[in-house]
Amino acid sequence: MSPLRSANAPIAQGPILDLAQVEVRFPSARGTFAVVDRVDLSVAHGEVLGLVGESGCGKSMLARSIMGLVPPPGVTTGGTMLFNGVDMVGLSKDERRRLRGDRIAVVPQEPMTSLNPTLRIGDQLTEVLRAHRPTMSSDERRARALVVMEQVGIQFAEQRLSQYPHELSGGIRQRVMIAMALICGGVELLIADEPTTALDVTIQAQILELFMQLQSEQKMAVILITHDLAVIAQTAHRVAVMYAGNIVELAPVLDLFDVPRHPYTRGLLESMPRRGISASKTHLATISGSVPDPSNPPAGCRFFDRCQFAVKGTCDAENPALEQITEDRWVRCFRWRELPEFVLADAGAGS
Amino acid sequence: MMKSADATEVLPSPHARSGLWTLWSMMRSEPMLLGGGAVLLLLVLAAVLIPVVMAIDPLSINVTQKLLPPSPEHWLGTDEFGREVFDRLVIGAHLSLRVGFAATALTALVGITLGALSGQYRLADSIIGRFSDALMIFPGFVLAIMILAAIGPSEFNVVLAVVVLYVPRVIRTVRASIIEYRSADFVQAARAVGVGDMRLLVVHILPKSFGPVMVQLTFGFAWAILVEAGLSFLGLGPPPPDPSWGNMISAAREFIRTAPWIMIAPGLMITATVLSLNLIGDGLRDLLDPRLQSQVNP
């Protein structure tokens, strides 16, 4: 097991988050179309769930839907979203707002632009407490900010409070964003939307390490959205693979990497850079084509056009259902039983 | 505890200097802003202080001393009723600046409120948007005349007309910057930690429109003074005998050959005031929008 991954196995009790048939729809000239299509997904207490897929497959929109922040004119339609047993779909706008930042937090993708350039760091940190702990005095807020900044490894916290975002490096800004997510102290579910994509590789490792340390200290559940499978391999307990608004595969992380069942997952793994590729002069594999237009999805399997195993007549007739194939694995493919064994090119030279 | 990557990155507290000092050091590099500001400050001080330190009487008539040219006794000469042009000019400055300030303040209040509403709510946007479009169809000054003709000439009605005419521009500016910034990453990030809509608007979004709105209001100020002078000239301003620059020019038309100073003095005052405000507006724009500046003088 990777050194980064939390040693805490997910705590076995009811899931912290249980999504059933969640749909996010946008209006178009001809009715509406779904960018997140009837997603079923649950996250256990203390679990790190990786959510992967290429750009435009609905990962971020699913995250926004969980936060209650689907950008208009999009709407979350139908389905249930149980957070600790309470259906968030039925909550009022203000009740949703009170969950955000307090019990469900998010770490954004772009630390460089996610802080208001005209406000001091301290004001932006304490603003979260102002929203959720209105009875705290400003001294208490400040003290709490200092504690959290130390937790996330920001040195000279006292001085940072009075600095502006442009005075901080990207890594520190991302630490500030993490501090903002944790400052209320009771986060149960953290959604990290590509938290390291905008950072240098060396800083990436530090931030991931920090994430995992905080995750195991605070026993919070994390949904880690990324298209970097290496990050997933190091950190997640389970992985959900999304394609064109559907979850196409859901599996424990090691199983997924060992025996990917969905052709799309296989394609993602094959297109991951790895050792030995250049030595053997094989080109890095790619998945040809692109994600289908969500406003005009194909009738059959959404991956049909790009799938090397697709069979006409079966795969393009209807979209396969997400099928449970073992106790903890699901796959959305008609032909998963018939696929040839998965062997990574030059896997022997890799790790 | 995590070790941080930036142990070397400690700076002496960078905000020892106050915000005002920073503002001043930025302003020093804008000669237009400084020049315009100095002239305007002088005008305001003169309008406020001269009546305090000198005996000013813009209304007293002295038929034995009418149409006298400027001299040590009559600094700017006298008009056709023997009234002091200087005294009338000072009180006229009072009026012009009062109208300008009142109209600008009211325009800001109404414009920012309505602009915020239309940036925030679709329904408000379509209603307010159509009204401001309708107002912007008319040539400004013609509409001002129509309004004054309808509600009667008075100082307050002049202010009202200027506000009605100028407010659509401010609404548009505020609305545009709200729409630009409401989906900015930092606004979304603040929303994602539970900051409420009202605070998002007031703390994160609205301040972004401050720069363009300031510039616009400065030009609005200049425009208000011109409109007031124009309306007074046409007899739609505050009624005589109270002096305003506009009605002074209007009354002086008959004497342009024999006593030109009666007209020249208020004319120069209007020019100086409007010019200084326009300089301030240009300077502010350069200061607040560096992109635009580099296009104008690279």
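Please refer to the structure higher up on the page.
Description of the structure in this document. No experiment lies behind these values; they were computed from the predicted model shown.

## Notes on the packing of helix α3 (residues 85-120) of chain B against helix α4 (residues 122-137) of chain B
Residues and elements named next belong to chain B.
Step number 1: At a closest axis distance of 6 Å, the pairing of α3 and α4 adopts a crossing angle of 130°. When the interaxial angle is binned, α3 and α4 end up oblique. α4 is crossed by α3, and the crossing has left-handed handedness. Along the contact surface, α3 presents Leu114, Leu117 and Ser118, while α4 presents Ala124, Asp125, Ile128 and Gly129.

## What to know about the sheet that holds strand β9 (residues 221-226) of chain A
Hydrogen bonds between backbone groups are what pair the strands of a sheet, and the pairing can be parallel or antiparallel.
Residues and elements named next belong to chain A.
Step number 1: Across the sheet, eight strands lie side by side as β7-β8-β9-β3-β10-β11-β13-β12; this open sheet has mixed pairing. Unpaired on one side and paired on the other, β7 (104-107) and β12 (323-326) mark the two borders of the sheet. Taken pair by pair, the neighbouring strands of this sheet meet at an average axis angle of 25°, ignoring direction.
Step number 2: Two strands pair when backbone bridges link them, and strand β10 (residues 238-243) and strand β11 (residues 246-252) are joined in this way by six bridges, in the antiparallel orientation. Across the sheet, Ala240 pairs through a bridge with Leu250, a residue of β11.
Step number 3: Helix α1 (residues 59-67) rests against β3 (48-52), β7, β8 (189-193), β9 and β10 of the sheet, and its axis sits at about 150° to β8.

## What about the interface of chain A and chain B?
Step number 1: Listed per partner, the contact involves 37 residues of chain A and 23 residues of chain B.
Step number 2: For the side of chain A that touches chain B, the secondary structure elements donating two or more residues are α2 (93-99), β7, α3 (121-132), α6 (170-182) and α7 (201-218) of chain A.
Step number 3: Its residues placed into classes, the side of chain A that touches chain B shows 14 nonpolar, 15 polar and eight charged.

## Concerning unusual backbone geometry
Residue and element names in this part refer to chain A.
Step number 1: The omega torsion across Pro72 and Pro73 is 5°, close enough to zero to call that bond cis.
Step number 2: Look at Asn84: it is not a glycine, yet its phi comes out positive at around 50°.
Step number 3: The topology assignment puts Asn84 in the loop between β5 (80-83) and β6 (86-87).
Step number 4: If you check the backbone angles, Glu194 has positive phi at about 45° while not being a glycine.
Step number 5: By the secondary structure assignment, Glu194 is in the loop between β8 and α7.
Step number 6: Under the C-beta neighbour-count criterion, Glu194 is labelled partly exposed, with 19 such atoms within 10 Å.

Parameters at a glance
- Residues numbered from 1 in each chain as written.
- Chains lettered and ligands numbered in written order.
- Predicted model: local features only at pLDDT ≥ 70, side-chain atom pairs only at ≥ 80, totals over all residues.
- Axes fitted to C-alpha atoms, helices over the stretch in contact; angles between N-to-C directions.
- Helix = DSSP H or I, 4+ residues; strand = E, 2+ residues; numbered from the N terminus.
- Parallel < 35°, antiparallel > 145°, perpendicular 65-115°, else oblique.
- Left-handed = near helix turned anticlockwise from the far one by under 90°.
- Contact = placed C-beta atoms within 7 Å.
- Pairing = 2+ DSSP bridges.
- Nonpolar A, V, L, I, M, F, W, Y, C, P; charged D, E, K, R; others polar.
- Buried ≥ 20, exposed ≤ 12 C-beta atoms within 10 Å, placed from the backbone.

None of the figures reported here should be taken as evidence of function without further support.
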